[in-house]
Amino acid sequence: MCGIVGLFLKNPALQSQLGRHISAMLIGMTDRGPDSAGVAVYHRPVEDGSSKFTLFHDDESYHWRAMAGRLSDEMGVESDVEVRAAHAVLTAKAPEKAVADWLLAHCPDVRVMGYGHLMEVYKEKGLPKDVVRRHGIEAMEGTHAIGHTRMATESIVTTEHSHPFTAASDMCLVHNGSLSNHNRLREWLKRRGQRFETDNDSEVAARYFAYRMSEGATLEEAMLAGLKDLDGFFTFTMGTRDGFAVLRDGIACKPAVLAETDDWVAMASEYRSLADLPGVENARVWEPAPAVVYTWRLEH
Amino acid sequence: MQIVDLAQSNVRTLNQRLHDLPRDTNERAWRILNPRGAHAVAVGLNLAVEIHVEGHVGYYCAGMNKEATVVIHGQCGWGVGENIMSGLVRVTGNASQAAGASGHGGMVVIEGDAGPRCGISMKGVDIVVGGSIGNFSAFMAQAGNLVVCGDAGDALGDSLYEADLYVQGKVASLGADCVEKKMTPKDAKTVAALLAKAGIKADVARFRHYGSARKLYHFHVDHADAY
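Residues numbered from 1 in each chain as written. Chains lettered and ligands numbered in written order. Predicted model: local features only at pLDDT ≥ 70, side-chain atom pairs only at ≥ 80, totals over all residues. Heavy atoms only, no water.

Chemist: Break down the overall build of chain B for me, citing the residues and quoting the values.
Modeler: In terms of regular secondary structure, chain B is built from 2 helices and 11 strands. When its helices and strands are written in sequence order, chain B yields β-α-β-β-β-β-β-β-β-β-β-α-β. In chain B, once contacts between residues fewer than 6 apart in sequence are set aside, the share between residues at least 24 apart is 25%. Carbon and sulfur atoms make up 52% of the accessible area of chain B, which totals about 9900 Å². Separation of charge centres in chain B, based on 21 positive and 22 negative side chains, amounts to 3 Å. (Helix = DSSP H or I, 4+ residues; strand = E, 2+ residues; numbered from the N terminus. Contact = heavy atoms within 4.5 Å. Areas by Shrake-Rupley, 256 points an atom, 1.4 Å probe, with all protein chains shown as cover. Lys, Arg positive; Asp, Glu negative; His and termini not counted. Charge placed at Lys NZ, Arg CZ, Asp CG, Glu CD.)

Chemist: Describe helix 6 (residues 201-214) of chain A, naming the residues involved and giving the relevant values.
Modeler: Residues and elements named next belong to chain A. Between its terminal C-alpha atoms helix 6 stretches 20 Å, which fits the 20 Å expected from 14 residues at 1.5 Å a residue. Extensive coverage of helix 6 is indicated by the burial of 11 of its 14 residues. Considered for burial, the residues of helix 6 that qualify are Asp201, Ser202, Glu203, Val204, Ala205, Ala206, Arg207, Tyr208, Phe209, Ala210 and Tyr211. In this structure, the buried side of helix 6 is in contact with strand 9 (165-168), strand 10 (171-179), helix 5 (182-191), helix 7 (219-229) and strand 11 (232-240). Structurally, the start of helix 6 carries an N-cap: the backbone nitrogen of Ser202 is 2.5 Å from a side-chain oxygen of Asn200. One or two positions beyond helix 6, positive phi appears at Gly216, with a value near 110°. (Expected span 1.5 Å × (residues − 1). Buried < 20%, exposed > 50% of the residue type's maximum accessible area, 1.4 Å probe, protein only. Polar contact = N/O pair within 3.5 Å; in protein donor to acceptor, adjacent residues only side chain to side chain.)

Chemist: Kindly report on the environment of A:Phe209, identifying the contributing residues and their values.
Modeler: All names here are of chain A. Structurally, Phe209 is set in helix 6. By relative accessible area, which is 0% here, Phe209 ends up buried. Aside from chain neighbours lying at most four places away, what touches Phe209 is Met171, Leu173, Ala222, Met223, Gly226, Leu230, Phe236 and Met238.

Chemist: Account for the layout of surface pockets, naming residues and giving values.
Modeler: Residues and elements named next belong to chain A. Reported here for the largest pocket is a volume of approximately 720 Å³. Forming the walls of the largest pocket are 28 residues, and the residues nearest its centre are Ala100, Val112, Tyr115, Arg195 and Glu197. Among the secondary structure elements, those contributing two or more residues to the lining of the largest pocket are helix 3 (96-106), strand 6 (111-116), strand 9 and helix 6. Top element by residues in the lining of the largest pocket is helix 3. It accounts for 6 residues. Looking at the lining of the largest pocket residue by residue, the classes come out as 13 nonpolar, 5 polar and 10 charged. (1 Å grid on protein atoms, 1.4 Å probe; cavity = no way out; pocket = protein on both sides within 12 Å on 5 of 7 lines; lining within 4 Å. Points joined across faces, edges and corners; volume = space filled by probe spheres on them. Nonpolar A, V, L, I, M, F, W, Y, C, P; charged D, E, K, R; others polar.)

Chemist: Break down the interface of chain B and chain A for me, with residues and values.
Modeler: The interface is formed by 15 residues belonging to chain B together with 20 residues belonging to chain A. For the pair chain B and chain A, the summed buried area comes to about 1300 Å², and 50% of that belongs to carbon and sulfur atoms. Where chain B touches chain A, the interface holds 1 salt bridge. Of the charged contacts, one joins A:Asp276 and B:Arg36 as a salt bridge, the two residues approaching to 2.9 Å between their closest N and O atoms. Counting across the interface, chain B meets chain A through 9 residue pairs in polar contact (both at pLDDT 80 or more). (Buried area = accessible area lost by both parts, 1.4 Å probe. Salt bridge = Lys/Arg side-chain N within 4 Å of Asp/Glu carboxyl O.)

Now the structure itself:
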């Protein structure tokens, strides 16, 4: 069992409250996932030509500033780092690929939790309320966020095995369920150049969707292809640069509820997580149909 | 009128109070405030009280209900009125999966839409849905009536034993051994009576009747290769 939540703000006036609402939603799913929790927040865009990485190190006293200094010296670019518990948000005036390659070559013990122009990913073992507090999620502003509370069934409980899983720029996935063909699919994806960080089945799903989109599929096409290729139970919520998407398998035995008002769209495993959202008493509340892709995007 | 505010109390205390009511109680009218998606609100009731839940509830609301009337003024999660024995459970909004699952008697009314598996394994309950129902509804249903004013999702009545399914709108597909049957005057009377009892208006003449082909009851030697 796991809990998943997502919140997408249509009304810009609510953006200052994103962290507060997604935190309450995440804590609302504690019963479904007390092992670990994670959240991806879309906010604070970096300027064009820059990239943003959320990094994690087992050692909370890891010297992030020294690492950023080395990166700046060796790559000859400006960088900055902001530390939150065992996570750090690194911004660098360099393309994502160059920064990722440098990190892989020089800091093999640093884990990349997420990267992109907007997305920051914080995830850790422990109760959702502690994960939220340690990373200061409640104070965060932004347009949208997704989150996950984990009760592990398929792989061990570590920070790396927690959700959300990132597999592309500004893209991440949370999953409630379990996949039965993830080993074979992992090998299939490895042969197509995808690199894996854990043995978690949900990471396979994240990299599967990223692979499909890298091959030219739209978000909807990638998710519909997943209905054929992913064998198992799932309710997925995927965060993207400008919105989020929800998909359940054809049997739909993992729960999901959607709610929408003029101001926001929210997704959760159970209604309990939506109970504090402003105006929820008058929201349209419904259960997403099996095997149907639901998406919401910011209007630019 | 007994008023219980779940923002001040909790579900366990509420349910215990309801279970402790003597059969000759005068406390027959209840309002439950601020359910906020809580699970198992008003489950296991076994006497004729009337309960109004003001807001959205989580899983299994009014499960195992006997004699009581439970009205949920909002939306509800999985398994509303599951295993209902008698009485009435009404949802004014939408219901999630497995509404009225394995119900033996009484009535479950969903004024909005019901999700997948509505009436799964129903054993005598009457279920009336004002909107549409999701996939796999009435799976392995054994007895009772399911009346749907909107559409039905895929695999309606899969592996149906008995039970009568009446759908006014489109049926996406029928499950194994579920077939369309004749809508007899007796069926029309049944549907009219159930709609009236549920307080839902619909044109009985537009309903179609589905039921069991009874071909899965016994082992059939021609199917041996399929096992």
